[in-house]
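Secondary and tertiary structure notes
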Amino acid sequence: MTLQQEIVGNAMQMAVVNLHPGQTVYCEAGKFLFKTTNVTMETRLSGPSGNGQSQGGGGGMGGMLRQAMGTAMQVGQRMLAGESLAFQYFTSQGGEGTVGFAGVLPGEMRALELNGTRAWFAEKDAFVAAESTVEFGIAFSGGRTGMSGGEGFILEKFTGHGTVIIAGAGNFIDLNPADFGGRIEVDTGCVVAFEEGIQYGVQRVGGLNRQGVMNAVFGGEGLSLATLEGNGRVILQSLTIESLANALKKAQGGDKQGPTGGLFSTHAG
């Protein structure tokens, strides 16, 4: 059953979801806005299994133990990733219902349709809401790819069938690296989401030479760029959280970055 949703608004968009009787949608804690009275709300630590149910392990004591261990692993992964520890589930009872969701930053939202053949990956905090037939997971990446840029990265992963709604900052642009020679390089804070099949890595900005140091220190990008390779959809955002935070600090008189940017940026606690 397709999730009926409409994304409305301009500078700060929101998703209005219409639920059929018995249909369930879930969101990350803190993304809920409003609901009609016939929509029930339940907070759980466990995520959906992809078939519309919470992950479990059958009946009996063994099943309860497996379910508890699975939930603990999910919570542990989300804690390490800095994500919300709980999900909120909304189910329409006795008729159609309506629920509203939004992201946490001024910007766009996007509804992605999963057909079971390709997963989607998104940056932390991009997830807003999804059908209960969509499974939410955490993908830890690093190793040679991440360390080559001096850092690893943590992604949200969506699998299964149905609709998942994501949000970002500023305006979105859709690209395919295959249209640009198979590879693009972007600010690490600009990546919102990409399809499975896209290779995502992190690389240093330039070499250990004069121009590389100039890029890192005065270019405002720091030491790393994100690389996206392959053939598939990529969604980028025009506003990064770091640039928004720096603009707010500057407006409050607390930004000591000056004209240099890069390594000379100060981040007051």
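Our subject in this report is the structure included herewith.

Definitions and cut-offs
- Residues numbered from 1 in each chain as written.
- Predicted model: local features only at pLDDT ≥ 70, side-chain atom pairs only at ≥ 80, totals over all residues.
- Heavy atoms only, no water.
- Core = buried A, V, L, I, M, F, W, Y, C linked by side-chain atoms within 4.5 Å.
- Buried < 20%, exposed > 50% of the residue type's maximum accessible area, 1.4 Å probe, protein only.
- Helix = DSSP H or I, 4+ residues; strand = E, 2+ residues; numbered from the N terminus.
- Pairing = 2+ DSSP bridges.
- Axes fitted to C-alpha atoms, helices over the stretch in contact; angles between N-to-C directions.
- Salt bridge = Lys/Arg side-chain N within 4 Å of Asp/Glu carboxyl O.

Right, let's talk about the nonpolar core for a bit. Side chains that are nonpolar tend, in soluble globular proteins, to be buried together. Membership of the largest hydrophobic core comes to 20 residues, with the highest contact counts inside it found for Y26, F127, F158, V164 and I166. Of all the secondary structure elements, the ones that give two or more residues to this core are β6 (87-92), β8 (109-115), β9 (120-123), β10 (127-131), β11 (134-141), β12 (153-167) and β15 (191-195).

A few words on the sheet that holds strand β14 (residues 183-186). Hydrogen bonds along the backbone pair up the strands of a sheet, which may run parallel or antiparallel. Read from one edge of the open sheet, three strands run β14-β17-β16, paired in antiparallel fashion. Strand pairing shows two members of the sheet lacking a second neighbour, β14 and β16 (199-204), which therefore form its edges. Ignoring which end each strand starts from, the neighbouring axes of this sheet average 25° apart. Alignment of β14 against strand β17 (residues 224-229), held across four bridges, turns out to be antiparallel. Within β17, the residue paired with V186 across the bridge is A226.

Now for the environment of F153. If you trace the backbone, F153 turns up in strand β12. When its relative accessible area of 10% is taken as the criterion, F153 is described as buried. Spatially, the C-alpha atom of F153 lies 6.6 Å from that of F140, the residues being 13 residues apart in sequence.

Enumeration over the complete set of coordinates arrives at seven salt bridges. Residues K31 and E28 are paired through a salt bridge, measuring 3.1 Å at the closest nitrogen-oxygen approach. The same class applies to K31 as to E28, namely buried. One salt bridge connects R183 with E185, and the closest N-O pair in it is separated by 3.7 Å. Overall, the relative accessible area of 32% leaves R183 in the partly exposed class. Residue class for E185 comes out partly exposed when judged on its relative accessible area of 43%. Three or more residues joined by partner-sharing salt bridges are found here, namely R110, D174 and R233.

Spatial strand order, β1-β2-β7-β4: four strands in an open sheet with antiparallel pairing. What marks the edges here is a single partner per strand, and that holds for β1 (4-8) and β4 (32-35). The mean inter-strand angle of the sheet, taken between neighbouring strand axes irrespective of direction, is 20°. Sheet topology note: the strand β2 (residues 14-19)/strand β7 (residues 97-102) ladder contains six bridges and is antiparallel. Bridge assignment links V17 to a residue of β7, and that residue is V99.

Turning our eyes to something else, we now look at the pairing of β2. Note that β1 and β2 share five bridges and pair antiparallel. Within the sheet, the bridge partner assigned to Q4 lies in β2 and is N18. In sequence, β1 turns back onto β2 through a hairpin of five residues, with G9 there showing a positive phi of about 100°.

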